[in-house]
Number of protein chains: 2
Amino acid sequence: MFLNDTLALWSASIAPVMPPPLLATVAAEYAPIVLSGVLLTLVAIFIASKIGSEVAKRLDFPPVLGELVAGVIVGISALHLVIFPEGGLAATDSLLMNALQLLNNLSPTAIEAVFESQSEVISVLAELGVIILLFEIGLESDLRQLKAVGIQAVVVACVGVAVPFIAGTAGLMAIFHVAAIPAIFAGAALTATSIGITSKVLSELGQLKSTEGQIIVGAAVIDDVLGIIVLAVVASLAKTGEIDIANVIYLIVSATVFLIGSILLGGIFNQAFTAIVEKLETRGNVIIPAFVFAFFMAFLGNAIHLEAILGAFAAGLVLDESDARNELDELIKPIADVFVPIFFVTVGARADLGVLNPTVPENRAGLLIAVFLVAVAVVGKLVTGWGVFGKPGINRWAIGVGMIPRGEVGLVFAGIGSASGILSKPLQVSIIIMVILTTFLAPPFLRVAFGQTDKTIDPVESTSD
Amino acid sequence: MFLNDTLALWSASIAPVMPPPLLATVAAEYAPIVLSGVLLTLVAIFIASKIGSEVAKRLDFPPVLGELVAGVIVGISALHLVIFPEGGLAATDSLLMNALQLLNNLSPTAIEAVFESQSEVISVLAELGVIILLFEIGLESDLRQLKAVGIQAVVVACVGVAVPFIAGTAGLMAIFHVAAIPAIFAGAALTATSIGITSKVLSELGQLKSTEGQIIVGAAVIDDVLGIIVLAVVASLAKTGEIDIANVIYLIVSATVFLIGSILLGGIFNQAFTAIVEKLETRGNVIIPAFVFAFFMAFLGNAIHLEAILGAFAAGLVLDESDARNELDELIKPIADVFVPIFFVTVGARADLGVLNPTVPENRAGLLIAVFLVAVAVVGKLVTGWGVFGKPGINRWAIGVGMIPRGEVGLVFAGIGSASGILSKPLQVSIIIMVILTTFLAPPFLRVAFGQTDKTIDPVESTSD
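Residues numbered from 1 in each chain as written. Chains lettered and ligands numbered in written order. Predicted model: local features only at pLDDT ≥ 70, side-chain atom pairs only at ≥ 80, totals over all residues. Heavy atoms only, no water.

**Considerations on the overall build of chain A**
Turning to step 1, where the next piece is worked out: When its secondary structure is counted, chain A shows 21 helices and zero strands.
Turning to step 2, where the next piece is worked out: Looking at chain A residue by residue over its 465 residues, the buried ones come to 61%.
Turning to step 3, where the next piece is worked out: Pairs at least 24 apart in sequence give 77% of the contacts found in chain A among residues at least 6 apart. (Helix = DSSP H or I, 4+ residues; strand = E, 2+ residues; numbered from the N terminus. Buried < 20%, exposed > 50% of the residue type's maximum accessible area, 1.4 Å probe, protein only. Contact = heavy atoms within 4.5 Å.)

In structure tokens form, the structure reads like this:
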């Protein structure tokens, strides 16, 4: 009784002091619907990736090409199942979002909020996918072999950056009368080879550890770094009207220190990693320390304004030499199998093939520029094979072809160029077309260049059966 | 020359028609920083989970308890490394966000946008974590054995829902003079056992397949369903002032049809799954179809306004009987090892132990209510063991203790109650305290109830070495 009264008094005295609880934010209120959207989108991505890769495999194409095409089919170009708001698209353009809206009786404002949140989540999952892909590729690459082709890779990378950059910029200015800054930007967009796509195809062809494969991957890593530096320089050039020398030096130094430093310190990281793994007794004793290292390196790569995938690749290279490596190889596989398709399908889904439509008058200027950029992109990388010296029997065509795909890095250029207002729409569209075509052409070309028209021996594939 | 001029003309004629490219949305502009935030948060979560689980293991506690405590330490209660905006927290409260802001020279508005995006992503990753956890638990559960304890589980679940609900609601109204609707809501928050935490602990104790373990998991599944129905009813009661009978019936019917239906149709799903897996030749041939099924079932669970985890659990139960099951068991492990700690650490991180501080006057009324709710929560579930009939040798204490932890479902109640404005702050805080204490107390109590004070035999643990 006494307790009762005291409490009643207490409650009464507190009640007016307490503000009403905060109303939920939009995010909290629609959290279950965002989760539904993410789950549905992942289901669509997984089904598309499996159908695409299986069809590609049966047609004797690399599975990754099938995943890209499947992405194009479910994406903005056709089915509108997996789309993103960046291109000015709204939730009403998405079949999945329309279904969710009907199912949950949502207002137009609410479904837009859900669409943005779920797109954000899928984008980050795709980025984690390419980070895990590069980590796995790093684990599969042999550092000693990569060191052996180091100089060759540097030469190939430098040729592959310089030729398309100069030819592209000069051509755009001379033939198409594009102003200097957008021309330089578009030229820069031609520089960076996509490590992800090339490495996946090389791995599928069983050529990742061949001399050609190692030179391609090494050069792709280096020209990624060079490409990012070029991007940073050109973007700051566009912002300020002049090149910021300090920033250029900072970027060059940090990229060099980062990659070479992590490779040199690899032995120390390895010993620490092995020691930690041996001491842990609970579930995830290998995979969690590996992911802590990979994600932290990816963060570092991002933090010093390079790329997250560069850090993940370096982490994989380093752990490649650790004692727990074989176990790690097995553990990373199912995780990569789940995450990596999200990346490839969304790259395809974001590519709007509608800009290729020649019946729309505005597309025609873009189409001619696109044809020019694709030609420069292909020829500018093909010549890199002849930069290799002192390796008489080397397959120069294979190296040149291996450097062609631009993929995600090219898309980063197109995105930043359009966001900062540097690129006109025809130029932006041309860069996207260049990225799509080089990405789509490279895998079959690479097969031909390596002379593999019969059934491939695929060490990665065979272990998953 | 002709081509040149034509193109120049084209460009000139198109240029004024083309609008300047859209400026990037906040999301696109800060995408690399959101990724950095997600990577850093994941690194913090992974390190915390490993330290927590290893310390717990060495102190002979279940690792999952260590992950929860580690979550509390890195979360809102202490280190502020992993926090979420729901509690009215801003980016400036987060150490990681402050570091990111310094590193990238961001404006206060920009860092808030980054904070919200990365919190959204981490929240969804945590939800995917509990979905994958329940899928794995479903895979580990034996459906035939669960069917054998079906009636027992139903009785235990009904007792475990009715006793705390009635005692809690009546006590709050009689002793603490709480109004009817908030009292009913708080009473309802006492009903649903956390399958996740209990199953993890049971699995760690090697008791998941014992009769007691199967009754507990079965009852937890059923009282989760019952709890969600109660939540839906109470929430609609609070909104409209009256119980929507049609909705109640809809929820009861859909939940029953969903679970029993998926179990009955299990054979058909299994054959389809096995047939698909056998036909696929590319990487991910087992794990991707399994995830398509699990995520789609989770979506269905969410779509019919039950819970995603219920669908994932049902999917696991169904695939448990498929031919590819052993392979799937192995493949799901590293994925669960990566995702599940995100869930447990964030549950801990969201729990604000600061509301326990008795030196703050406002907390005192809440503390007494909390003591009452904890007592009802513990006693109301302890008695459920005596609902089991016809099993003479059964460990009734173990069943009662196994039903105690409320975990994520209780937190859902607290969240919705505070979002809808039904719960006063002391009540809301009391529910959170009840959730924390029941969650923290259950694992050691469960060990004692099962009489395992010596080293446990852990089938899950031993396979990861």
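**Side note on the packing of aromatic side chains**
Turning to step 1, where the next piece is worked out: A complete count under the given rule lists 17 aromatic pairs over all chains for this structure.
Turning to step 2, where the next piece is worked out: Here Phe 176 of chain B and Phe 372 of chain B contribute two aromatic rings whose centre-to-centre distance is 5.4 Å and whose plane-to-plane angle is 55 degrees, an arrangement assigned as tilted. Pair noted here: Phe 176 of chain B is in helix H8 (residues 150–176) and Phe 372 of chain B is in helix H17 (residues 361–382), with a separation of 196 residues, a long-range link.
Turning to step 3, where the next piece is worked out: With a relative accessible area of 7%, Phe 176 of chain B lands in the buried category.
Turning to step 4, where the next piece is worked out: Among the aromatic residues, ring-to-ring pairing joins Phe 46 of chain A together with Phe 135, Phe 291 and Phe 295 of chain B into one connected group. (Phe/Tyr/Trp six-rings, centres within 6.5 Å; stacked < 30°, edge-to-face > 60°.)

**As for the side chain of Gln 118 of chain B**
Turning to step 1, where the next piece is worked out: Looking at the element boundaries, Gln 118 of chain B is found in helix H6 (residues 108–140).
Turning to step 2, where the next piece is worked out: In contact with Gln 118 of chain B, not counting residues within four places along its chain, are Val 34, Gly 37, Val 38, Thr 41 and Met 97 of chain B.

**Looking at a nonpolar patch on the surface**
Turning to step 1, where the next piece is worked out: There is a patch of nonpolar side chains on the surface, built from Ile 47, Ile 51, Val 55 and Leu 59 of chain A and spanning about 370 Å² of accessible area.
Turning to step 2, where the next piece is worked out: Looking at the secondary structure, you find Val 55 of chain A in helix H3 (residues 31–58). (Patch = residues over 30% accessible without salt bridge, like charges linked within 9 Å, V, L, I, M, F, W, Y side chains within 5 Å. Areas by Shrake-Rupley, 256 points an atom, 1.4 Å probe, with all protein chains shown as cover. Salt bridge = Lys/Arg side-chain N within 4 Å of Asp/Glu carboxyl O.)

**Re the nonpolar core**
Turning to step 1, where the next piece is worked out: Membership of the largest hydrophobic core comes to 279 residues, with the highest contact counts inside it found for Leu 125, Phe 135 and Phe 295 of chain A together with Leu 125, Phe 135 and Phe 295 of chain B.
Turning to step 2, where the next piece is worked out: Setting aside its immediate chain neighbours within four residues, Leu 125 of chain B contacts Leu 125 and Leu 128 of chain A together with Val 38, Leu 42, Phe 339 and Ile 342 of chain B. (Core = buried A, V, L, I, M, F, W, Y, C linked by side-chain atoms within 4.5 Å.)

**Notes on the pattern of salt bridges**
Turning to step 1, where the next piece is worked out: For the coordinates displayed, the defined rule picks out 14 salt bridges over all chains.
Turning to step 2, where the next piece is worked out: The shortest N-O distance in the salt bridge between Lys 333 of chain A and Glu 330 of chain A comes to 3.5 Å. Of this pair, Lys 333 of chain A and Glu 330 of chain A are both found in helix H16 (residues 325–350), three residues apart, which corresponds to roughly one turn of the helix.
Turning to step 3, where the next piece is worked out: Between Glu 54 of chain B and Arg 58 of chain B there is a salt bridge, with the nearest N and O atoms lying 2.7 Å from each other.

**Considerations on helix H9 (residues 180–189) of chain B**
Turning to step 1, where the next piece is worked out: The buried fraction of H9 of chain B is high, at seven of ten residues.
Turning to step 2, where the next piece is worked out: Every buried residue of H9 of chain B is accounted for by Pro 182, Ala 183, Phe 185, Ala 186, Gly 187, Ala 188 and Ala 189 of chain B.

**Examining the packing of helix H6 (residues 108–140) of chain A against helix H10 (residues 195–204) of chain A**
All names here are of chain A.
Turning to step 1, where the next piece is worked out: Contact geometry of H6 with H10 gives a least axis separation of 10 Å together with a crossing angle of 50 degrees. The angle between H6 and H10 places the two elements in the oblique class. Two packed elements cross with a definite hand, and for H6 against H10 that hand is left-handed. Within the contact between the two elements, H6 uses Leu 133, Leu 134, Ile 137 and Glu 140 and H10 uses Ile 195, Gly 196, Ser 199, Lys 200 and Ser 203.
Turning to step 2, where the next piece is worked out: In terms of residue class, the contact of H6 with H10 is built from four nonpolar, three polar and two charged. (Axes fitted to C-alpha atoms, helices over the stretch in contact; angles between N-to-C directions. Parallel < 35°, antiparallel > 145°, perpendicular 65-115°, else oblique. Left-handed = near helix turned anticlockwise from the far one by under 90°. Nonpolar A, V, L, I, M, F, W, Y, C, P; charged D, E, K, R; others polar.)

**A look at unusual backbone geometry**
Turning to step 1, where the next piece is worked out: Of note in the backbone geometry, Asn 105 of chain A takes a positive phi value of approximately 60 degrees without being a glycine.
Turning to step 2, where the next piece is worked out: By the secondary structure assignment, Asn 105 of chain A is in the loop between helix H5 (95–104) and H6.

**Here's the deal with the confidence of the model for chain A**
All names here are of chain A.
Turning to step 1, where the next piece is worked out: Residues at a pLDDT of 70 or more form 80% of chain A, whose mean pLDDT is 79.
Turning to step 2, where the next piece is worked out: Mean pLDDT per element in chain A: helix H21 (residues 459–463) is the minimum at 39, and H3 is the maximum at 93.
Turning to step 3, where the next piece is worked out: Confidence drops under pLDDT 50 across residues 1–26; counting only partners more than four residues distant or on other chains, this segment forms 26 contacts.
Turning to step 4, where the next piece is worked out: Low pLDDT, under 50, characterises residues 453–465; the stretch is placed with 28 contacts to residues that sit more than four places away or in other chains. (pLDDT = per-residue confidence, 0-100.)

**Things to note about the environment of Gly 402 of chain B**
Residue and element names in this part refer to chain B.
Turning to step 1, where the next piece is worked out: As for its placement among the helices and strands, Gly 402 is situated in helix H18 (residues 396–402).
Turning to step 2, where the next piece is worked out: For the pair Gly 402 and Ile 216, spaced 186 residues apart in sequence, the C-alpha separation works out to 6.1 Å.
Turning to step 3, where the next piece is worked out: Not counting chain neighbours up to four residues away, the residues in contact with Gly 402 comprise Thr 193, Thr 198, Ile 216 and Leu 446.

**Examining the environment of Leu 40 of chain A**
Turning to step 1, where the next piece is worked out: Residue placement: Leu 40 of chain A occurs in helix H3.
Turning to step 2, where the next piece is worked out: Assessed through its relative accessible area of 11%, Leu 40 of chain A is described here as buried.
Turning to step 3, where the next piece is worked out: Sequence spacing of Leu 40 of chain A and Lys 391 of chain A is 351 residues, and the spatial spacing of their C-alpha atoms is 51 Å.
Turning to step 4, where the next piece is worked out: Ignoring sequence-local partners within four residues, the contact set of Leu 40 of chain A consists of Leu 96 of chain A together with Phe 296 and Phe 299 of chain B.

**Notes on the environment of Phe 299 of chain B**
Turning to step 1, where the next piece is worked out: With respect to the helices and strands, the residue Phe 299 of chain B is situated in helix H14 (residues 287–303).
Turning to step 2, where the next piece is worked out: Along the primary structure Phe 299 of chain B and Ala 377 of chain B are separated by 78 residues, whereas in three dimensions their C-alpha atoms are 30 Å apart.

**Focus: the packing of H16 of chain A against helix H16 (residues 325–350) of chain B**
Turning to step 1, where the next piece is worked out: Orientation of H16 of chain A relative to H16 of chain B, taken along the N-to-C sense of each, is 75 degrees, at an axis distance of 8 Å. Judged by the angle between their axes, H16 of chain A and H16 of chain B are roughly perpendicular. Facing H16 of chain A, whose interface residues are Leu 331, Pro 334, Ile 335, Val 338 and Phe 339 of chain A, H16 of chain B presents Leu 331, Pro 334, Ile 335, Val 338 and Phe 339 of chain B.
Turning to step 2, where the next piece is worked out: Residues belonging to the contact of H16 of chain A with H16 of chain B are distributed by class as follows: ten nonpolar, no polar and no charged.

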